[in-house]
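Spelled out from the first residue to the last, the chains are:
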Amino acid sequence: MARRLYVILPQPGEPVTCGIAEGGDIRLVSGEHVPAQPRDEIYVFVPGTEVGCHTVRLPSQPAEQLRRSAAYALEDEMAVAVEDVHVAVGQTSGSAGDRPAFLVDPELLEGWIDRLRSLNLDHAHLVADISVLPATDMLVEAGPHILFASPNARFAADTSLPDDALQALLPAGGALPRLFGASIARRLGRSADAEPDMPLILRLAQWAELQGSLTDLRQGRFAQNSGTSFDLQAWRPLLAGAAGTIVLFLAATALEASALSALRDSLDAQARSIYAGANPGAGVPEDLSASLREQGPSGSAQQLGFLELSALLYEALPDDGMITIQGLRFDAETGRLVASMSYPDYGGDIDIKARLQARMLNVTLGDSRKQDNRVVGDITLEPES
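Residues numbered from 1 in each chain as written. Predicted model: local features only at pLDDT ≥ 70, side-chain atom pairs only at ≥ 80, totals over all residues. Heavy atoms only, no water.

Describing the overall build of the protein chain
And step 1. When its secondary structure is counted, the protein chain shows nine helices and 16 strands.
And step 2. Expressed as a percentage of its 385 residues, the buried residues of the protein chain come to 35%.
And step 3. A sequence separation of at least 24 residues applies to 54% of the contacts in the protein chain between residues at least 6 apart.
And step 4. Split by element, the accessible area of the protein chain, about 21,900 Å² in all, is 51% carbon and sulfur. (Helix = DSSP H or I, 4+ residues; strand = E, 2+ residues; numbered from the N terminus. Buried < 20%, exposed > 50% of the residue type's maximum accessible area, 1.4 Å probe, protein only. Contact = heavy atoms within 4.5 Å. Areas by Shrake-Rupley, 256 points an atom, 1.4 Å probe, with all protein chains shown as cover.)

Here it is in structure tokens:
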């Protein structure tokens, strides 16, 4: 198992203090450089005074879309425009699906990353120090600032905070928080609840080791480059296996493409048969969709049939080809068309529904589900009564 190194981001000229977690123990190391080895996981703590810590409840989405959703969910918490704040989102915790979300100034984050480069820690994770605090009432002395935690919130404040303001930040109802740090304990007229001489980095490292996962602030355009040098000889067996897997994947993709092509041909033949039956003696156009679009919907909405509904559905699809139709079912008695659709993400059918409703159609979205990394669901079209 790889070692984990925990470092508090030092100011230029300051020594580096590092907590090394290995084999269930954490030891302290200080010096001019971080004693990192190639396989080490490195976590660098940044001050919570510069990071907003929040909780959001969002459905599972691709990473970039998840960050955008979190940004707009927290818009009321921001003092600046959404576009001017960097958002990092963590993994879900608990059955409710809550996620930690952190807000930070992008320029400040760039400065931290530059500082990592100067320390030869290009691939280190940046973690807010407040993010590792246990979900219980506590105050932690952290050098130039104080870390606050409760079951529902985490934040930080400068140590220059007046004593009366510090008292006002304590939990309501007379609850006594745990205190870590002799100075803060004296200010509150109490004694510290743990070893006052324990270095902050060891305390943070201990709490970090108890966390299920840590949220790296380096997400989106700030994400780390994954490219590192490696021994080709050592990886040759694995690469050979990967090559075999790629061949199988390409074969499966070719079979799937062939199946989709067959489905398309089947649907086209079905459409031509229905058109010929509905228009006896008339020739079947070469391009049914184009022909129907030129004709437009004839008569009232109640007279729409399979071909008209199909044409409207195809017309509502975006041009990028990311949303596809996998199957069509038409009930001639009710005039109802049910289409099985495939989307890249949940919510991909909302725009299609709006476009179809603008054409005087009743549109109903069915249940959707994940299948082969895409979302599959039904959409039902029928003329308005």
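Once you've had a look at it, read on.
Quick look at a negative patch on the surface
And step 1. Negative charge collects at one region of the surface, where Glu 50, Glu 75, Asp 76, Glu 77, Glu 83, Asp 84, Asp 105, Glu 107 and Asp 158 lie side by side.
And step 2. By the secondary structure assignment, Glu 83 is in the loop between helix H1 (63-73) and strand E6 (86-89).
And step 3. According to the relative accessible area criterion, Glu 83 is exposed, its value standing at 60%. (Patch = residues over 30% accessible without salt bridge, like charges linked within 9 Å, V, L, I, M, F, W, Y side chains within 5 Å. Salt bridge = Lys/Arg side-chain N within 4 Å of Asp/Glu carboxyl O. Lys, Arg positive; Asp, Glu negative; His and termini not counted. Charge placed at Lys NZ, Arg CZ, Asp CG, Glu CD.)

A closer look at the nonpolar core
And step 1. In this structure, Val 44, Trp 112, Leu 126 and Leu 217 are the most contacted members of the largest nonpolar core, which totals 47 residues.
And step 2. It is helix H5 (residues 200-210) that contributes the most residues to this core, six residues altogether.
And step 3. Counting residues in hydrophobic clusters, the runner-up holds 21 residues, among them Ala 316, Leu 328, Leu 337 and Tyr 343. (Core = buried A, V, L, I, M, F, W, Y, C linked by side-chain atoms within 4.5 Å.)

Let's talk about unusual backbone geometry
And step 1. A positive phi angle is found at Asn 120, which is not glycine, with a value near 60 degrees.
And step 2. For Asn 120, a relative accessible area of 63% puts it in the exposed group.

Considerations on the packing of aromatic side chains
And step 1. Going through the model one piece at a time under the given rule, you end up with five aromatic pairs.
And step 2. Where Tyr 6 meets Phe 45, the ring centres are 5.9 Å apart and the plane angle is 10 degrees; that geometry is what we call stacked. With Tyr 6 in strand E1 (residues 4-8) and Phe 45 in strand E4 (residues 41-46), this pair connects stretches of sequence that are 39 residues apart.
And step 3. On the basis of relative accessible area, Tyr 6 is assigned to the buried category, the value being 1%.
And step 4. Under the relative-accessibility criterion, Phe 45 is labelled buried at 2%.
And step 5. Consider the rings of Phe 180 and Trp 207, whose centres lie 5.2 Å apart with planes at 90 degrees: the pair is edge-to-face. Residue Phe 180 is located in strand E12 (residues 178-180), and its partner Trp 207 is located in helix H5; the two are separated by 27 residues in the primary sequence.
And step 6. When its relative accessible area of 11% is taken as the criterion, Trp 207 is described as buried.
And step 7. Through pairs of rings, three or more aromatic residues link up here, namely Tyr 6, Tyr 43 and Phe 45. (Phe/Tyr/Trp six-rings, centres within 6.5 Å; stacked < 30°, edge-to-face > 60°.)

Remarks on the sheet that holds strand E14 (residues 336-343)
And step 1. One open sheet accounts for four strands, arranged E13-E14-E16-E15; its pairing is antiparallel. Each edge of the open sheet is held by one strand with a lone partner, namely strand E13 (324-331) and strand E15 (361-371). Averaged over all pairs of adjacent strands, the angle between their axes in this sheet comes to 15 degrees, without regard to strand direction.
And step 2. Strand direction decides the pairing type here: E14 and strand E16 (residues 374-383), joined by seven bridges, are antiparallel. Among the inter-strand pairings, Ser 342 is bridged to a residue of E16, identified as Val 376. (Pairing = 2+ DSSP bridges. Axes fitted to C-alpha atoms, helices over the stretch in contact; angles between N-to-C directions.)

Brief notes about helix H2 (residues 106-118)
And step 1. Relative to the 18 Å expected for 13 residues at 1.5 Å per residue, H2 spans 19 Å between its end C-alpha atoms, a close match to the ideal helical length.
And step 2. Every buried residue belonging to H2 is among Pro 106, Leu 109, Trp 112, Ile 113, Arg 115 and Leu 116, and all of these are buried.
And step 3. Of the surrounding elements, those touching the buried residues of H2 are E4, E6, strand E7 (98-104) and strand E8 (125-128).
And step 4. Here H2 starts with a cap whose side-chain oxygen sits 3.0 Å from the backbone nitrogen of Glu 107, and that cap is Asp 105.
And step 5. At the C-terminal side of H2, Asn 120 shows a positive phi close to 60 degrees. (Expected span 1.5 Å × (residues − 1). Polar contact = N/O pair within 3.5 Å; in protein donor to acceptor, adjacent residues only side chain to side chain.)

Observations concerning the side chain of Thr 215
And step 1. Relative to the assigned elements, Thr 215 resides in the loop between H5 and helix H6 (232-278).
And step 2. On the accessibility criterion, Thr 215 (7% relative accessible area) is buried.
And step 3. In this view, Thr 215 contacts Ala 88, Val 89, Gly 90, Pro 100, Phe 102, Leu 126 and Val 127; residues no more than four positions away in its chain are not counted.

As for the sheet that holds E7
And step 1. The strand order across the open sheet built from three strands is E5-E7-E6, with neighbouring strands paired in antiparallel fashion. Two strands in the sheet have a free side with no partner beyond their single neighbour: strand E5 (52-57) and E6. Neighbour-to-neighbour, the strand axes of this sheet turn through a mean angle of 30 degrees, independent of strand direction.
And step 2. Bridging between E6 and E7 involves four bridges; their strand directions are antiparallel. Bridging across to E7, Val 87 finds its partner in Leu 103.
And step 3. Packing of H1 onto the sheet brings it into contact with E5, E6 and E7, and relative to E6 it is tilted by some 115 degrees.

Things to note about the pairing of strand E11 (residues 153-158)
And step 1. The sheet contact formed by strand E10 (residues 145-150) and E11 spans six bridges and is antiparallel. Along E11, the bridge assignment pairs Ile 146 with Ala 157.
And step 2. Linking two consecutive strands that pair antiparallel, namely E10 and E11, is a turn of two residues.

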